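Structure at a glance
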Amino acid sequence: MKRIVVIGASSSSKSINRKLANYAAKSISFDTEIIDLNLNDFEMPIYSEDLQNSLGIPQKAFDFKREISESDALVLSLAEHNGSYTAAFKNIYDWISVIEADIWCSKPILLLSTSNGVRGGKTVLETAHSRFSRDYKYQIPYFSLPNFNKNFNINEGILDVRLNQDFQAVIIDFENILNEN
Ligand SMILES: Cc1cc2nc3c(=O)[nH]c(=O)nc-3n(C[C@H](O)[C@H](O)[C@H](O)COP(=O)(O)O)c2cc1C
């Protein structure tokens, strides 16, 4: 049984990235337990070095980090706001990054993004992939789904044949990485 932490990196209650991340985690052909984290449960003051020095790191940052450390792998789908991470995700990322250098606990990561635009959040996906991959223990498979409303259906998954082929290939890459563990 693999414990997979799923993160839709958005604070929206209707997050399409959360939907995609959950769909991807369910597509993994192992026996899995899915832990779907809601970023709103980890809302903290905006990161500042002064705050860290005066009050310390918030408990919620340690709670988030514990979910990662107790998992076997992460599926993370990034919403893109103004070409970058959502503020909700970036704040958690900043807080957990000051706990220890190994931010993602050296867990296998599947990195996704989607939007209703033609680029599917590719800019933030590239930023995250480049950053998270630096000296990382594993290769990080990644996939971006453009035009979510057109290309995704909750029952049928990814409707476009070519995009679905790319998605399935990325799922296989991720399964192979999980198999190494
Ligand atoms: C403040 C804001 C900025 C946005 N900036 C971008 C952007 O830079 N690129 C993009 O593709 N979509 C952008 N969008 C549209 C989001 O991709 C869209 O809201 C999407 O649903 C976000 O994913 P989510 O549903 O998982 O939150 C933006 C939306 C908001 C509210």
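Scroll up for the structure.
Since the structure is predicted, the reported quantities are computational estimates derived from the model, not experimental observations.

Conventions and cut-offs
- Residues numbered from 1 in each chain as written.
- Predicted model: local features only at pLDDT ≥ 70, side-chain atom pairs only at ≥ 80, totals over all residues.
- Helix = DSSP H or I, 4+ residues; strand = E, 2+ residues; numbered from the N terminus.
- Rg over C-alpha atoms; globule rule 2.2 N^0.38 Å.
- Buried ≥ 20, exposed ≤ 12 C-beta atoms within 10 Å, placed from the backbone.
- Contact = placed C-beta atoms within 7 Å.
- Core = buried A, V, L, I, M, F, W, Y, C linked by C-beta atoms within 7 Å.
- Near = placed C-beta within 6 Å.
- Nonpolar A, V, L, I, M, F, W, Y, C, P; charged D, E, K, R; others polar.
- Expected span 1.5 Å × (residues − 1).
- Arc of directions from axis to C-beta.

**Re the overall build of the chain**
The secondary structure content of the chain amounts to seven helices and seven strands. Element order for the chain, N to C, with α for helix and β for strand: β-α-β-α-α-β-α-β-α-β-α-β-β-α. For the chain, whose C-alpha radius of gyration is 16 Å, the value lies close to the compact-globule estimate of 16 Å for 181 residues. Overall size of the chain, expressed as C-alpha extent along the three principal axes, is 55 × 35 × 25 Å. A total of 181 residues make up the chain; the buried ones form 36% of that total. Counting contacts in the chain only where the partners sit at least 6 residues apart, residues at least 24 apart contribute 73% of the total.

**Overview of the nonpolar core**
The biggest cluster of nonpolar side chains holds 45 residues, and the ones touching the most others in it are Ala 21, Leu 74, Val 75, Leu 76, Leu 78, Leu 111 and Leu 112. Top contributing element to this core by residue count: helix H1 (residues 16-27), with six residues.

**A word on the site of the ligand**
Around the ligand, 15 residues are found, and the nearest of them are Ser 10, Ser 15, Asn 17, Ala 79 and Ser 115. Residues of the shell around the ligand, tallied by class, amount to two nonpolar, 11 polar and two charged.

**What to know about the environment of Lys 14**
Relative to the helices and strands, Lys 14 resides in the loop between strand E1 (2-9) and H1. Given 7 C-beta atoms within a 10 Å radius, Lys 14 is considered exposed. Here the alpha-carbon distance between Lys 14 and Trp 95, two residues 81 residues apart in the chain, equals 25 Å.

**A short note on helix H5 (residues 122-133)**
Given 3.6 residues to a turn, an α-helix orients residues that are three or four positions apart in the same direction. With 12 residues, H5 extends 16 Å from end C-alpha to end C-alpha; this agrees with the ideal 16 Å at 1.5 Å per step. When H5 is considered as a whole, its buried residues turn out to be Lys 122, Val 124, Leu 125 and Ala 128. Down the axis of H5, the buried set is contained in an arc of 155 degrees. They therefore lie on one face. Within H5, the exposed residues directed more than 90 degrees away from the buried face are Ser 130 and Arg 131.

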